[in-house]
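# Examination of the molecular architecture
One-letter residues, chain by chain:
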Amino acid sequence: MSLTYRYLRCRIALMVGLLSLAALIGSATNARAGNWSVFSCAYPNGTPVNAISGWSAHAVGSPGPYSGTGDSCGSIGGSFGAESSNEWPQNLYSGWQWVFDAPAGSAIVGGSMQVGFYTPKGQAYIEDPENIYGPDVLANCQYNLTCTSTQYPTLPDNSAAHIYAGAVCAQAPCEPAGLGVDASVAIYRSTIVLQNSSVPTGSSFEGGLTASSPVSGAQDLKFTAADPNGPGVYVVNATVDGTSVYNQVPSGDSASCVNQGQVAEGFSFLSVTPCAPSLSVTIPAETGSLADGSHTLRVTVTDAASNTAEVYDKAFITDNAPTVTSQPSVSGSARVGSTLTGTNAVFAARSGLGPLGSAASQWLRCSGPGTGCAPIGGATSSTYTPVSSDSGYTIEYENTVEDAHKHKANATSPPTVTVSEPGSGGTCPGSSCQGGSGGNGGSGSGGSGGSGAGGPGITVDVASTGSNQGSVPLGNSARWSVSLKVAPLKVRRGTMIKLTGSVLTSPRPSSGKLIYLQARSLGAVWRGKARKRHRVTVYGKWVTFQAFRAKGNGSFSSTYRFRLGGKHTYQFQAVAPAEGQYRNPTGTSVVRTVREI
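Anyway, here's the lowdown on the structure attached to this text. Since this is a predicted model, take the numbers as computed values, not measurements.

## Points about the sheet that holds strand β15 (residues 233–240)
Judged by pairing direction, the sheet is antiparallel, and its four strands sit side by side in the order β16-β15-β19-β20 without closing on themselves. Each having just a single partner strand, β16 (243–248) and β20 (308–318) make up the two edges of the open sheet. Strand after strand, the sheet turns through a mean of 15 degrees between neighbouring axes, direction not considered. By the bridge criterion, seven bridges tie β15 to strand β19 (residues 293–303) in an arrangement that is antiparallel. Its bridge partner being in β19, Val 236 is matched across the sheet by Val 301.

Okay, here's the thing in structure tokens:
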């Protein structure tokens, strides 16, 4: 419907429109999710503000000179408005108006205004959602009607895209009459509620907290937050295990992205699109305050309309335990009644997580090198004297330390050789090793030295951890690679076998890589009855019978003599244990089988 035709409507139509306006003003507007408010010219409490975001001036018809728009917002009693001048001839139904345009993808769903009208020869109006006279009129004043000069129209929740505020000459002829203006409208303040259903997004996630491997100390998560077709990214929140670690408007957002308050629900701003549509976000996190283990990081992005989306939900693993600069070690003879002495490990706290408490000590009884270990009751000093119940086991010395944030670390020494009874030459595989005075064999090769008949000579002191105990980790995550050859593989009483091999992994300790030679028995038993009777292979426990260090080039050689006759089967292996500052885990050679015939 044209602007000219609008003003030819009868008085009855005008009254019907005003009654509709009264009904709209009397109804309440409910705030809904996805809303934000925009203030123009003044806050709801009347405090001036120099902002009219979303409003723009437009001519109505063909207005003559001196008609136009003005803006005095920011000063006490200021306003922005339009007028049709009476200082110069004007065209009928011509003038100026201000138009508020909702951003693309958004709608007007409520609000309020304070408007001043002056209409000696014209008409002034507020219309929503269309620039059409009738039901769309929210407030109106004209020369031929009694009206209030100051009105407070309420904006309906009708998902409008525009609001019109204009003043035109409405009484012909629109000739100069010395009245100053034919009509004027002044907006002293407006609060317009907008709605948008855009969902924020997150992309391009990177940083330490995205790592699949354990992290420590200060870390971060970097990503791009965006609000496609919405009013912009307002706030980013991050939680670790449900506790907030970041909740703020990200740096780089525009100055207009500041919540002005003064409304009951939602955020309010001085701009229709107040916040950045896309920006880079860095979320810092100090993992040192977390217990070591798995944690869940969740990130949400909220836009200026209070639309919130969870954009990240993943786990990360922390490892802030103190590091081991030097492993503990043990010195002394692994014999019942002989004292072992432990040298404590050297620990270092992670950056910012010190100081460290005193290291606690604990001796362990193990069924084999690094396996089947259990604390020995009451053995918590730096020395320990093996007892009869330790015979046949290896002994290890363990230290535990804790930092200021309760992160714990422990370190364990390389194991001793198998603990022997006093006067014994050691432990031999199966029943092929004679006991007695084997201690006279000293530490000879394969137990063949000296005058003793007893065994492979494992009465040597416990091997130390060797060199290379600096703060720089050596080696890698691959197991120590060790080979073993045994000859001959068929033996009788008195036969001496030769065990040779090499540690293939490098780098190796300069003093030589620690090697354990181990043996176990291999037999068979019958199980089941009648037709279900069958033979089952039975393996004995691995027993360490020699401990020494290989040569600098990794090679080693030793011997072992069988003392008893009979038909038995034994298996031999070489073990290269984890040690010192080397990161390589324990490695084991292939198993070699030897048969007595």
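## As for the pattern of salt bridges
Scanning the model with the defined rule gives seven salt bridges in all. For Glu 310, the salt bridge goes to Arg 298, with nearest N and O atoms at 4.0 Å. Of this pair, Glu 310 sits in strand β20 while Arg 298 sits in strand β19, placing them twelve residues apart in sequence. One salt bridge connects Asp 390 with Arg 365, and the closest N-O pair in it is separated by 2.5 Å. Here Arg 365 lies in strand β25 (residues 360–366) and Asp 390 lies in the loop between β27 (383–384) and β28 (394–402), a separation of 25 residues in the sequence. Given the relative accessible area of 22%, Arg 365 is considered partly exposed.

## Observations regarding the state of the cysteines
Tallying each qualifying case throughout the model produces five disulfides. Between the sulfur atoms of Cys 257 and its disulfide partner Cys 275 the distance amounts to 2.0 Å. Given an S-S torsion of about 80 degrees, the disulfide between Cys 257 and Cys 275 has right-handed geometry. Here Cys 275 lies in the loop between β17 (267–269) and β18 (278–286) and Cys 257 lies in the loop between β16 and β17, a separation of 18 residues in the sequence.

## Some points on the side chain of Arg 335
Its place among the elements puts Arg 335 in the loop between β22 (329–331) and β23 (340–343). A distance of 3.2 Å separates the side chain of Arg 335 from the backbone oxygen of Glu 421, its partner in a polar contact.

## Concerning unusual backbone geometry
The bulk of non-glycine residues show a negative phi, and the bulk of peptide bonds are trans. Residue Asp 128 is joined to Pro 129 through a cis peptide bond whose omega torsion reads 10 degrees. Positionally, Pro 129 belongs in the loop between β7 (122–127) and β8 (137–142). Put simply, Ala 172 and Pro 173 share a cis peptide bond, and its omega is -5 degrees. Within the secondary structure layout, Pro 173 lies in the loop between β11 (162–169) and β12 (181–195). A positive phi angle, close to 70 degrees, is found at Cys 41, a residue other than glycine. Secondary-structure assignment places Cys 41 in the loop between β1 (35–40) and β2 (55–60). Of the residues examined, Cys 41 reaches a relative accessible area of 2% and is grouped as buried. The backbone of Ser 159 shows a phi angle near 55 degrees, a positive value even though the residue is not glycine. Mapping Ser 159 onto the fold places it in the loop between β10 (154–155) and β11.

## What to know about the sheet that holds β27
Taken in spatial order, the three strands of this open sheet run β22-β23-β27, and their pairing is antiparallel. Edge strands, defined here as strands with exactly one partner in the open sheet, are β22 and β27. Of the strand pairs in this sheet, β22 and β23 are connected by three bridges, and their pairing is antiparallel. From the neighbouring strand, Ser 329 faces β23, where its bridge partner is Thr 343.

## A short note on empty space enclosed by the protein
According to the stated counting rule, one finds one cavity of 30 Å³ or more in the structure shown. As a volume, the largest cavity reaches approximately 50 Å³. Lining the largest cavity are twelve residues, and of these Ser 367, Thr 418, Trp 542, Val 543 and Thr 544 lie nearest its centre. Here the residues of the lining of the largest cavity are counted per class, giving five nonpolar, six polar and one charged.

## Brief notes about the pairing of β7
With six of six residues buried, β7 lies mostly within the body of the structure. Burial of β7 is two-sided: the residues Gly 122, Ala 124 and Ile 126 facing one way and the residues Gln 123, Tyr 125 and Glu 127 facing the other way are all buried. Two elements, β7 and β11, share six bridges in a ladder whose sense is antiparallel. Across the sheet, Tyr 125 pairs through a bridge with Gly 166, a residue of β11. Looking at chain direction, β7 and β8 are connected through five bridges and run antiparallel. Looking across to β8, one finds that Glu 127 is bridged to Val 137.

## Examining the packing of aromatic side chains
Taken as a whole and judged by the stated rule, the model has 19 aromatic pairs. With 4.9 Å between their ring centres and 40 degrees between their planes, Phe 205 and Tyr 312 make a pair best called tilted. Residue Phe 205 is located in strand β13 (residues 201–206), and its partner Tyr 312 is located in strand β20; the two are separated by 107 residues in the primary sequence. Here the aromatic cluster, defined as three or more aromatic residues joined through ring pairs, consists of Phe 545, Tyr 560, Phe 562, Tyr 570 and Phe 572. Lying over the aromatic face of Trp 480, Lys 513 brings its terminal NZ or CZ to 4.9 Å of the ring centre.

Scoring rules and cut-offs
- Residues numbered from 1 in each chain as written.
- Predicted model: local features only at pLDDT ≥ 70, side-chain atom pairs only at ≥ 80, totals over all residues.
- Heavy atoms only, no water.
- Pairing = 2+ DSSP bridges.
- Helix = DSSP H or I, 4+ residues; strand = E, 2+ residues; numbered from the N terminus.
- Axes fitted to C-alpha atoms, helices over the stretch in contact; angles between N-to-C directions.
- Salt bridge = Lys/Arg side-chain N within 4 Å of Asp/Glu carboxyl O.
- Buried < 20%, exposed > 50% of the residue type's maximum accessible area, 1.4 Å probe, protein only.
- Disulfide = S-S within 2.5 Å.
- Polar contact = N/O pair within 3.5 Å; in protein donor to acceptor, adjacent residues only side chain to side chain.
- 1 Å grid on protein atoms, 1.4 Å probe; cavity = no way out; pocket = protein on both sides within 12 Å on 5 of 7 lines; lining within 4 Å.
- Points joined across faces, edges and corners; volume = space filled by probe spheres on them.
- Nonpolar A, V, L, I, M, F, W, Y, C, P; charged D, E, K, R; others polar.
- Phe/Tyr/Trp six-rings, centres within 6.5 Å; stacked < 30°, edge-to-face > 60°.
- Lys NZ or Arg CZ within 6 Å of the ring centre and 35° of its normal.

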